[in-house]
Amino acid sequence: MNVQTLPFAHLIDHPLVVDPSSDNCVVSTNPATGQTLGAVKIQSTADYEDLVKRAQLVQKEWRMLPAPKRGEIVRRIGNAFREEEQALGALVTMEMGKIYPEGVGEVVECIDIADFAVGLSRQLYGLTMTSERPQHRMYEQWHPLGTIGIITAFNFPVAVWAWNAMLAAVCGNSMIWKPSLVTPLCAVAMTNVAHRVMKEQDIFKPTQGDPCDLFGLIIGTDDQVGETMIADRRLPLISATGSCRMGRHVGTQVAKRLGRSLLELGGNNAIIITESADLDLVLRGVLFGAVGTAGQRCTSTRRLFCHSSVVDEVASRLVKAYEQVPIGDPMADGTLVGPLINEQSVANMRAAITSAGEQGCDILCGGVEGIDRYADDAGHYVTPTIVRVPAGSDPAIARDETFAPVLYIYEYSDLDEAIEAQNSVDQGLSSAIFTDSMRQAERFLSHNGSDCGIANVNIGTSGAEIGGAFGGEKDTGGGRESGSDSWRQYMRRQTCTLNWGDDVPLAQGIEFG
Ligand code: UN1
């Protein structure tokens, strides 16, 4: 297929998109076919420097535009995403490999967060406090932070930027986006859409700077641009999504300069299935959570804790369902599992299954043979795999996040122990319980229940709505993005005390002079 004929060709028409034979570019390939989709020029630290200066310049006037007017511009960006929903969805699918309905679903997340941000642009509230001093008034207000840095991963190549960018924009910030080098075309496309709106709008006409510079894009390597960005004191906030290893580095570098970081890192998400669970619901919830996006969501279900009275039935029904899951071309109707992102991911899955076997687990379906089946395919296909952990054992491999569709089934008899086991891993992103018992559900949601940032009842671990704050605890990094009051992280709080009297009384009753 010629890239010019692809439905998204107009979205990747950009000076950074170059011929794949050019020097110093990153080539984007379709993980389902190995086909080259295009290439994007790798930028230098000098390019980064230029972007930051321009982003800072334009932010000076952007921050003075009333927030509802900023919201109006974000509304138009959201509408532009709507117009391009299918083309963007196709690009996500072709560059990242998730099935087309999920590609479109990701664009829907972008639209939803834009809508959310529009409403928010009229609700950037602060509190008022009663002062202890006479004729004084106290309140807090929220100011934009400035220019923020956004670092995103390959698996949600458009939505995670949108979560950050739409909120950051209504909050009065400009931003620099460093996307994964595996999905550069998605980043070019989203930036193109935002820039088109910025060029067409007549609400924000700064006297200095270019409105497009609010949404800066840097295609650079971690070593050069990435390191420069996280050490850059001009970026008061770095919002980063990626592995726990990467987040630990970003977090410490940003902390060294006392900057703020918003980290959304790995998960090792579990579902607890109690004796009263509705097993039809379980099947659907687990299938989407464990197999959806080929197990490449940070919220993917990786562990199941099944009560001993239902474990055999759950395992056998899941194996049947797994055996029928259509694997293949992610653009084709009916496919549920597309390829993994690259050869390295396939190798990681193979290594995980091999160590699970060595650590005494039973491979119920999929397995190394399910990977070998696709050895001659140009796409990075694998077969979703279920691993049964022998009762009473705790294999080390299941405590790691393997970014692939491998599901570990554990058996338990006591709910307290299942919750403790669920919480015993380093990560703390998402969790769920399937139960028809109100007591068990509340036990799971109580202070000594799930320790994760997301805790669900009778739905799976993945597929969160944008309205809630998204993120998790422990090695997941502690950040909360997207809905609820996450916007506060893109602003700085200022406490203001106003004296309207004719004396200067001191707080705490201090007499001074
Ligand atoms: C991610 O995998 O980094 O809850 C984000 C979900 C999606 C977002 C996942 N809304 O699965």
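The coordinates are above.
In this text, all values refer to a predicted model and were calculated from it rather than measured experimentally.

S.K.: How do you make sense of the overall build of the protein chain when you look at a structure like this?
M.R.: Looking only at helices and strands, the protein chain features 14 helices and 22 strands. When its C-alpha atoms are laid out on the principal axes, the protein chain stretches across 80 × 65 × 35 Å. Counting across all 513 residues of the protein chain, residues that qualify as buried make up 56%. Just so you have it, the protein chain exposes about 21,300 Å², and 50% of that area is on carbon and sulfur atoms. Between the centroid of the 42 positive side chains of the protein chain and the centroid of its 63 negative side chains there is a distance of 8 Å.

S.K.: Even after reading the chapter, I still don't get the site of the ligand, so can you show me in this structure?
M.R.: The immediate surroundings of the ligand are formed by E109, N155, F156, W163, E264, R297, C298, T299, S462, G463, A464 and F470. Within the backbone of A464, one N or O atom sits 2.7 Å away from an oxygen atom of the ligand. Protein burial of the ligand: of its 320 Å² of free accessible surface, 99% is covered by the chains. Assessed atom by atom at 2 Å from the grid points, the ligand resides in the largest cavity. Taken together, the residues of the shell around the ligand sort by class into five nonpolar, four polar and three charged. Two domains each put at least three residues into the shell around the ligand: domain 1 (8–265 + 477–494) and domain 2 (269–457).

S.K.: Please explain the nonpolar core as it appears in this structure.
M.R.: Most often, soluble globular proteins keep nonpolar side chains buried together rather than apart. The biggest cluster of nonpolar side chains holds 77 residues, and the ones touching the most others in it are F8, I77, F81, W161, M166, M198 and F215. When residues of this core are assigned to domains, at least three map to each of domain 1 (8–265 + 477–494) and domain 2 (269–457). Each residue touching W161, except ones within four places of it in the same chain, is listed here: F81, I150, T152, M166, W177, M190, A194 and F215.

S.K.: I'm lost on the layout of surface pockets in this one. Help?
M.R.: Where empty space is left can be seen by rolling a probe of water-molecule size over the atoms. The volume enclosed by the largest pocket comes to roughly 1,100 Å³. Lining the largest pocket are 37 residues, with A153, G242, S243, R245 and M246 sitting closest to its centre. Mapped by element, the contributors of at least two residues to the lining of the largest pocket are helix 7 (222–231), helix 8 (244–256) and helix 11 (343–358). When we break the lining of the largest pocket down by domain, the ones giving at least three residues each are domain 1 (8–265 + 477–494) and domain 2 (269–457).

S.K.: I'm lost on the packing of aromatic side chains in this one. Help?
M.R.: Two measures describe an aromatic ring pair: the distance that separates the ring centres and the angle between the ring planes. Here the structure, examined in full by the defined rule, presents eight aromatic pairs. Where W163 meets F470, the ring centres are 4.9 Å apart and the plane angle is 55°; that geometry is what we call tilted. In this pair, W163 is assigned in helix 5 (residues 159–170) and F470 in strand 19 (residues 469–470), connecting sequence segments 307 residues apart. Across this residue pair, the class does not change: W163 and F470 are buried.

S.K.: What is the right way to look at the pattern of salt bridges in this model?
M.R.: Side chains bearing opposite charge may pair, as long as their charged atoms lie close to each other. Enumeration over the complete set of coordinates arrives at 26 salt bridges. Note that R480 and E473 form a salt bridge whose closest N and O atoms lie 2.3 Å from each other. The exposure class of E473 is partly exposed, given its relative accessible area of 32%. Here the residues in one salt-bridge network are E49, K53, D232 and R234, joined through shared partners.

S.K.: What am I meant to see in empty space enclosed by the protein here?
M.R.: In total, this model carries three cavities of 30 Å³ or more according to the counting rule given. Here the largest cavity defines a volume of roughly 120 Å³. Along the walls of the largest cavity sit 13 residues, with F156, W163, C298, T299 and F470 positioned nearest its centre. Class assignment of the residues belonging to the lining of the largest cavity gives a composition of six nonpolar, four polar and three charged. No fewer than three residues from each of domain 1 (8–265 + 477–494) and domain 2 (269–457) sit in the lining of the largest cavity.

S.K.: Explain the packing of helix 2 (residues 67–83) against helix 6 (residues 184–200) to me, please; I cannot follow it from the model alone.
M.R.: Two elements in contact, helix 2 and helix 6, have axes whose closest approach is 9 Å; the angle formed by their N-to-C orientations is 130°. One element, helix 2, and the other, helix 6, form an angle in the oblique class. The element helix 2 and its partner helix 6 pack so that their crossing is right-handed. In contact with I73, R76, I77, A80, F81 and E83 of helix 2, helix 6 contributes M190, V193, A194, R196, V197 and M198. Considered class by class, the residues forming the contact of helix 2 with helix 6 number nine nonpolar, no polar and three charged.

S.K.: Whenever I open this one, helix 9 (residues 279–291) confuses me. Can you help?
M.R.: Because each turn of an α-helix spans 3.6 residues, side chains separated by three or four positions end up pointing in the same direction. With 13 residues, helix 9 should cover 18 Å at 1.5 Å per step; its first-to-last C-alpha distance of 17 Å lies within 8% of that length. Where the residues of helix 9 are buried, they touch strand 11 (269–273), strand 12 (301–307), helix 10 (311–324), strand 15 (406–412) and strand 17 (430–434). Among the residues of helix 9, the N-terminal cap falls to D278, whose side-chain oxygen and the backbone nitrogen of D280 are separated by 3.0 Å. At the C-terminal side of helix 9, T293 shows a positive phi close to 55°.

S.K.: What should I look at first to understand the sheet that holds strand 13 (residues 362–365) in this one?
M.R.: In any sheet, the strands associate via hydrogen bonds between backbone groups, in a parallel or an antiparallel arrangement. With respect to topology, seven strands assemble into an open sheet ordered 13-14-15-12-11-17-18, the strand pairing being mixed. Of all strands in the sheet, those bounded by a partner on one side alone are strand 13 and strand 18 (454–457). Across the sheet, the axes of successive neighbouring strands diverge by a mean angle of 20°, strand direction being ignored. Pairing of strand 17 with strand 18 involves four bridges; the strand directions are parallel. Of the residues in strand 18, the one forming a bridge with I433 is V457. Each of strand 11, strand 12, strand 15 and strand 17 is contacted by helix 9, which is oriented at about 170° to strand 11, the strand it contacts most.

S.K.: What is the right way to look at unusual backbone geometry in this model?
M.R.: When glycine is set aside, most residues are seen to have a negative phi, and most peptide bonds are trans. Its identity as a non-glycine residue notwithstanding, Q135 has a phi of 50°, on the positive side. One can find Q135 in the loop between strand 4 (128–129) and strand 5 (136–144). In this structure, K474 takes a positive phi of about 55° despite not being glycine. Its place among the elements puts K474 in strand 20 (residues 473–474). Under the relative-accessibility criterion, K474 is labelled partly exposed at 36%.

S.K.: Any chance you could explain the sheet that holds strand 1 (residues 17–18) here in plain terms?
M.R.: Spatially, three strands are ordered 1-3-2 in an open sheet, and the strand pairing comes out antiparallel. If you trace the sheet from one side to the other, it starts and ends with strand 1 and strand 2 (25–29), each paired once. With two bridges joining them, strand 1 and strand 3 (residues 36–41) adopt antiparallel strand pairing. Note that in strand 3 the partner of V18 across the bridge is A39. Helix 6 rests against strand 1, strand 2 and strand 3 of the sheet, and its axis sits at about 70° to strand 3.

Cut-offs applied
Residues numbered from 1 in each chain as written. Predicted model: local features only at pLDDT ≥ 70, side-chain atom pairs only at ≥ 80, totals over all residues. Heavy atoms only, no water. Helix = DSSP H or I, 4+ residues; strand = E, 2+ residues; numbered from the N terminus. Buried < 20%, exposed > 50% of the residue type's maximum accessible area, 1.4 Å probe, protein only. Areas by Shrake-Rupley, 256 points an atom, 1.4 Å probe, with all protein chains shown as cover. Lys, Arg positive; Asp, Glu negative; His and termini not counted. Charge placed at Lys NZ, Arg CZ, Asp CG, Glu CD. Near = heavy atom within 4 Å. Polar contact = N/O pair within 3.5 Å; in protein donor to acceptor, adjacent residues only side chain to side chain. 1 Å grid on protein atoms, 1.4 Å probe; cavity = no way out; pocket = protein on both sides within 12 Å on 5 of 7 lines; lining within 4 Å. Sits in = over half its atoms within 2 Å of the grid points. Nonpolar A, V, L, I, M, F, W, Y, C, P; charged D, E, K, R; others polar. Domains from an automatic or database assignment. Core = buried A, V, L, I, M, F, W, Y, C linked by side-chain atoms within 4.5 Å. Contact = heavy atoms within 4.5 Å. Points joined across faces, edges and corners; volume = space filled by probe spheres on them. Phe/Tyr/Trp six-rings, centres within 6.5 Å; stacked < 30°, edge-to-face > 60°. Salt bridge = Lys/Arg side-chain N within 4 Å of Asp/Glu carboxyl O. Axes fitted to C-alpha atoms, helices over the stretch in contact; angles between N-to-C directions. Parallel < 35°, antiparallel > 145°, perpendicular 65-115°, else oblique. Left-handed = near helix turned anticlockwise from the far one by under 90°. Expected span 1.5 Å × (residues − 1). Pairing = 2+ DSSP bridges.

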